[in-house]
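Here is what each chain is made of, one letter per residue.
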Amino acid sequence: MPVALLALALSAFAIGTTEFVIMGLLPEVAGDLRVSIPSAGWLISGYALGVAIGAPIMALLTARLPRKKTLILLMIIFIIGNVLCALAYTYNLLMMARVITALCHGAFFGIGAVVAASLVAPARQASAVALMFTGLTLANVLGVPLGTWFGQLFGWRATFWGVAIIGVLAFIALIVSLPTNKEEKPVHLASEISALANGKLWLSLLMTVFFAAAMFALFSYIAPLLLQVTGISARGVSWTLFLIGAGLTVGNILGGKLADWKVSFSLILSFSLIAIFSLLFSWTSHALWLAEVTLFLWAMATFATVPGLQINVVRHGKEAPNLVSTLNISAFNVGNALGAWVGGAVIGQGYGLTAVPVAAAALAAIGLIVCLITFRKSGGNAAAVRA
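Calculation criteria
- Residues numbered from 1 in each chain as written.
- Predicted model: local features only at pLDDT ≥ 70, side-chain atom pairs only at ≥ 80, totals over all residues.
- Heavy atoms only, no water.
- Helix = DSSP H or I, 4+ residues; strand = E, 2+ residues; numbered from the N terminus.
- Rg over C-alpha atoms; globule rule 2.2 N^0.38 Å.
- Buried < 20%, exposed > 50% of the residue type's maximum accessible area, 1.4 Å probe, protein only.
- Contact = heavy atoms within 4.5 Å.
- Disulfide = S-S within 2.5 Å.
- Phe/Tyr/Trp six-rings, centres within 6.5 Å; stacked < 30°, edge-to-face > 60°.
- Salt bridge = Lys/Arg side-chain N within 4 Å of Asp/Glu carboxyl O.
- Axes fitted to C-alpha atoms, helices over the stretch in contact; angles between N-to-C directions.
- Parallel < 35°, antiparallel > 145°, perpendicular 65-115°, else oblique.
- Left-handed = near helix turned anticlockwise from the far one by under 90°.
- Nonpolar A, V, L, I, M, F, W, Y, C, P; charged D, E, K, R; others polar.
- 1 Å grid on protein atoms, 1.4 Å probe; cavity = no way out; pocket = protein on both sides within 12 Å on 5 of 7 lines; lining within 4 Å.
- Points joined across faces, edges and corners; volume = space filled by probe spheres on them.
- Domains from an automatic or database assignment.
- Buried area = accessible area lost by both parts, 1.4 Å probe.

### Looking at the overall build of the protein chain
Link 1 in the chain: A tally of helices and strands in the protein chain yields 17 helices and 0 strands.
Link 2 in the chain: Taking 21 Å as the expected radius of gyration for a compact globule of 387 residues, we find that the protein chain reaches 19 Å, a close match to that expectation.
Link 3 in the chain: Principal-axis analysis of the C-alpha atoms gives the protein chain an extent of 55 × 45 × 35 Å.
Link 4 in the chain: Here the protein chain, with 387 residues, has 59% of them falling under the buried criterion.
Link 5 in the chain: Contacts in the protein chain between residues at least 24 apart in sequence constitute 84% of all its contacts with a sequence separation of at least 6.

Here it is in C-alpha cells:
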C-alpha cells in the first residue's frame, strides 16, 4: 500500500470530520448562537453549497498547478477555515467560515481521488479510491462521535480547534509522502470543459445528487431524531454515530471491491438497499436496538455506493479527470444541501421526525431510477459499466 494513500486518507478524515460533526453538535450550536434547529441545519446546507459552487471553480483555478501542490494549497485553506469556525461568535460569521472551509473540500476529494487511482494498477483503482474515502468513513466512526462528545464537554468551538490541528498533521503528511509526478501533463482548460459534452456524464452526476440527497435527508437530522423519537441520551447519540461510522467504513470497503468487479451492479444494489433501510428506519426508530441495527445496515449500503459513483464519473469524463472528479464532489454536495432542505421541510411542515426517513427513501428511489436509465443507455456494454 503506497504511504501517500494514508496521507490522503488522513486528509479525508479531517475534511469529513469538519463536514459531518456539525450534525452531532446542532443542538449545542443552535443553543449557543440562539437560533432554531432548522436554522442551524442551514450550516450544513451552506457548507454543501460552498463545496458545490467552489469545487469546479477551485479545480479550474488550480488546473495548471501540479496535483501535489494543489492538494497542499487546499489543505492550507481547510486549516484557515476551521480556525475561523472556532473563532466565530455569531451565526453569520460561522456560516461564512463554513463556506470558506468548504472551498477546499470538493477540489481536494476530486483531485485526491484521481491521485489515489494513479498510485495503483488499473484493476485496483476503485479500491484505492475506497481507501482514500476510508478516511471519510473513519471521520464518522471516530471523528464525528469523538468531536460530538468533545464539543458537548468543552463547547462546540473546541471541536473545530481540534479539527484544525488534525489538518496541520495532514498538511505535513501530504508534503512528505505525495510523489512528485514529473510526467504529469499540464491541463488545458478547453479540453477540460469539452469533456462536459458527454450526456452519460451528466446522468452519472445526477445519480450522485440523489444518492447524497437520500443520505443527508436522514443523516442531517439524526441527532434530534435519536433524542426525541428513539429516546436515547446525548451521550447515546455519540455512540450511535460511532456505530453508523462503523457501518460506513465496512460499506465503503465492500463497495470498492464490488465496484472493481462491476460498477453497474454495485450501484443498483446500493441504491435499492438505501431505499429499503431508510423506509424501514421510519418504523424501527421507535425501538433502540432495532434502530441501531437498521442504522448500521443503512450506513453500509450508503457508503458502498461512493467508490462506484466516483469511478463511474471519471470513466465517462476520462479526458478531464480533475474537473469531472471534482464535479462529482460538487454533485454530492448539491445532494447534501437538497437532502438537508428536504428533511428540514418535512419537519417544518409538521409531518414529524419519523417522516424524514420516508422522504430519504423516496430520494433513494429516484436515484435508483436514474441509475437504471444511465446503465440502460450504456447499451449493456460490460466494458462501459465495469470498473
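### Quick notes on the state of the cysteines
Working definition: the covalent bond between the sulfur atoms of two cysteines is a disulfide.
Link 1 in the chain: As enumerated under the stated definition, the model contains 0 disulfides in all.
Link 2 in the chain: The thiol of Cys 85 is unpaired, and the distance to the nearest cysteine sulfur, on Cys 104, comes to 11 Å.

### Section: the packing of aromatic side chains
Link 1 in the chain: Summed over the entire model, instances satisfying the criterion amount to 11 aromatic pairs.
Link 2 in the chain: Three or more aromatic residues joined by ring pairs form one cluster here, namely Phe 20, Phe 211, Phe 216, Phe 219, Trp 298 and Phe 332.

### Observations regarding the pattern of salt bridges
Link 1 in the chain: As enumerated under the stated definition, the model contains 1 salt bridge in all.
Link 2 in the chain: With its nearest N and O atoms 3.3 Å apart, the salt bridge here joins Asp 32 to Arg 157. You can see Asp 32 sitting in helix α2 (residues 26-33) and its partner Arg 157 sitting in helix α7 (residues 156-177), a full 125 residues away along the chain.
Link 3 in the chain: With a relative accessible area of 41%, Asp 32 lands in the partly exposed category.

### With respect to the packing of helix α4 (residues 67-87) against α7
Link 1 in the chain: Running from amino to carboxyl end, α4 crosses α7 at an angle of 165°, the nearest separation of the two axes being 8 Å. As far as their axial angle goes, α7 and α4 are roughly antiparallel. Crossing of α4 over α7 shows left-handed handedness. Residues Lys 68, Leu 71, Ile 72, Met 75, Ile 76, Phe 78, Ile 79, Asn 82, Val 83, Cys 85, Ala 86 and Leu 87 of α4 pack against Trp 156, Arg 157, Phe 160, Trp 161, Val 163, Ala 164, Gly 167, Val 168, Ala 170, Phe 171, Leu 174 and Ile 175 of α7.
Link 2 in the chain: Residues that form the contact of α4 with α7 fall into these classes: 20 nonpolar, 2 polar and 2 charged.

### So, the environment of Gly 308
Link 1 in the chain: Mapped onto the elements, Gly 308 comes out in helix α14 (residues 306-316).
Link 2 in the chain: Gly 308 gets classed as buried once you look at its relative accessible area, which sits at 0%.
Link 3 in the chain: In this structure, the C-alpha to C-alpha distance between Gly 308 and Gly 255, residues 53 residues apart in sequence, is 7.0 Å.
Link 4 in the chain: In this structure, Gly 308 is in contact with Ala 259, Val 263 and Leu 267, ignoring residues within four places of it in sequence.

### Regarding the side chain of Ser 177
Link 1 in the chain: Mapped onto the secondary structure, Ser 177 falls in helix α7.
Link 2 in the chain: Sequence-distant contacts of Ser 177, that is, excluding residues within four places in its chain, are made with Val 3, Ala 4 and Ala 7.

### A closer look at empty space enclosed by the protein
Link 1 in the chain: Per the counting criterion, the structure on display carries 1 cavity of 30 Å³ or more.
Link 2 in the chain: Its boundaries defined by the atoms lining it, the largest cavity holds a volume of some 120 Å³.
Link 3 in the chain: In the lining of the largest cavity, the residues fall into 8 nonpolar, 4 polar and 1 charged.
Link 4 in the chain: If you count residues domain by domain, the lining of the largest cavity takes at least three from each of domain 1 (1-179) and domain 2 (194-376).

### Focus: the domain arrangement of the protein chain
Link 1 in the chain: Parsing the protein chain into structural domains produces domain 1 (1-179) and domain 2 (194-376).
Link 2 in the chain: Computed from C-alpha coordinates alone, the two centres of domain 1 and domain 2 are separated by 18 Å.
Link 3 in the chain: On the side of domain 2, 39 residues touch domain 1, which itself brings 46 residues to the contact.
Link 4 in the chain: Summing the contributions of domain 1 and of domain 2, the shared interface buries around 3,500 Å²; its carbon and sulfur component is 69%.
Link 5 in the chain: Going through the elements one at a time, α1 (3-24), α3 (37-61), α5 (91-118) and α6 (125-154) are the ones with two or more residues in the side of domain 1 that touches domain 2.
Link 6 in the chain: Of the residues in the side of domain 1 that touches domain 2, the class split is 31 nonpolar, 12 polar and 3 charged.

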